[in-house]
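Report on the structure
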Amino acid sequence: GEEVAQTPKHLVRGEGQKAKLYCAPIKGHSYVFWYQQVLKNEFKFLISFQNENVFDETGMPKERFSAKCLPNSPCSLEIQATKLEDSAVYFCASSRAFYNEQFFGPGTRLTVL
Amino acid sequence: SQQGEEDPQALSIQEGENATMNCSYKTSINNLQWYRQNSGRGLVHLILIRSNEREKHSGRLRVTLDTSKKSSSLLITASRAADTASYFCAAPSNSGGSNYKLTFGKGTLLTVNP
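Report follows, based on the coordinates. (Residues numbered from 1 in each chain as written. Chains lettered and ligands numbered in written order. Predicted model: local features only at pLDDT ≥ 70, side-chain atom pairs only at ≥ 80, totals over all residues. Heavy atoms only, no water.)

1. Focus: the interface of chain B and chain A
Each side of the interface is counted separately: chain B has 21 residues, and chain A has 21 residues. In total, about 1,800 Å² of surface goes out of reach between chain B and chain A, with carbon and sulfur atoms giving 56% of it. Our count for the contact surface shared by chain B and chain A stands at 0 salt bridges. Summed over the shared surface of chain B and chain A, the result is 2 residue pairs in polar contact (both at pLDDT 80 or more). When residues of the side of chain B that touches chain A are traced back to their parent elements, those giving at least two are strand E4 (31–37), strand E5 (43–50), strand E9 (85–95) and strand E10 (98–104) of chain B. (Contact = heavy atoms within 4.5 Å. Buried area = accessible area lost by both parts, 1.4 Å probe. Salt bridge = Lys/Arg side-chain N within 4 Å of Asp/Glu carboxyl O. Polar contact = N/O pair within 3.5 Å; in protein donor to acceptor, adjacent residues only side chain to side chain. Helix = DSSP H or I, 4+ residues; strand = E, 2+ residues; numbered from the N terminus.)

Spelled out as structure tokens, the structure:
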């Protein structure tokens, strides 16, 4: 597609539940990035992929967060045992090359109650 | 660590006026990018300026880059109410010798009053 698609738009989870977010990058883009934005503040980088390979995961709290980009499937970001502080908007972006401009999806708003 | 830091944090102007936002960054960069975020929406890429460029134009946008001062500015001329949004600068941050990710600042909230 010509736009980055993210599903769902909104997700509500009780504390301790699992949350799974999906992202379909723009066709032909090799790089996928996940960011977390809390309270309309700065974007925190989580993880990036080059095709299905993890490129940089230095932003990921690995004990509860995991992500995948498998061939012919949307990329996913999964949070096991969500906490209140995970409430945020999660944005996915894709780019043709890692130093190029990134194209962002509309985000998934996760609310943890 | 924060690579891009915008200034001012908030800016309110009248329609038709120009708006200038500044960004400072810390390490050497391959390029610097400006994005806009309308309330409740995702980021929209506005313009990318490479480290060997000093100025770039796109419509009513003008971006400058001063690598000696590690700073960039975004000028929006003849502003419109529809320009009301948050503006972020972002620069690739160096991780393990390669520019793997963009690091964003906290943004400048621009309000253009009709």
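2. With respect to the pattern of salt bridges
Any two side chains of opposite charge can pair, on the condition that their charged atoms come close. Using the criterion set out here, one finds 5 salt bridges over all chains in the structure. Note that Asp86(A) and Arg64(A) form a salt bridge whose closest N and O atoms lie 2.6 Å from each other. Linking Asp86(A) in the loop between strand E8 (75–79) and strand E9 (88–95) with Arg64(A) in the loop between strand E6 (53–56) and strand E7 (65–68), this pair joins segments that are 22 residues apart in sequence. Salt-bridge contacts for Arg62(B) lead to Glu55(B); the nearest nitrogen and oxygen are separated by 3.2 Å. For Arg62(B), a relative accessible area of 30% puts it in the partly exposed group. Take Glu55(B): its relative accessible area is 39%, and that puts it in the partly exposed class. (Buried < 20%, exposed > 50% of the residue type's maximum accessible area, 1.4 Å probe, protein only.)

3. A closer look at the state of the cysteines
All names here are of chain A. Enumeration over the complete set of coordinates arrives at 3 disulfides over all chains. Note that Cys23 is cross-linked by a disulfide to Cys92, the S-S spacing being 1.8 Å. Between Cys23 and Cys92 the sulfur-sulfur dihedral comes to about -55°; the bridge is accordingly left-handed. Remark: Cys92 occurs in strand E9 and Cys23 occurs in strand E3 (residues 19–24); sequence separation between them is 69 residues. Each member of the pair, Cys23 as well as Cys92, carries the same accessibility label: buried. (Disulfide = S-S within 2.5 Å.)

4. Observations regarding the sheet that holds E3(A)
All names here are of chain A. With antiparallel pairing, 4 strands are arranged side by side in an open sheet as E1-E3-E8-E7. Across the chains shown, the open sheet's two edge strands, defined by having one partner strand only, are strand E1 (5–7) and E7. Between one strand axis and the next, the sheet turns by 15° as a mean value, whatever way the strands run. (Pairing = 2+ DSSP bridges. Axes fitted to C-alpha atoms, helices over the stretch in contact; angles between N-to-C directions.)

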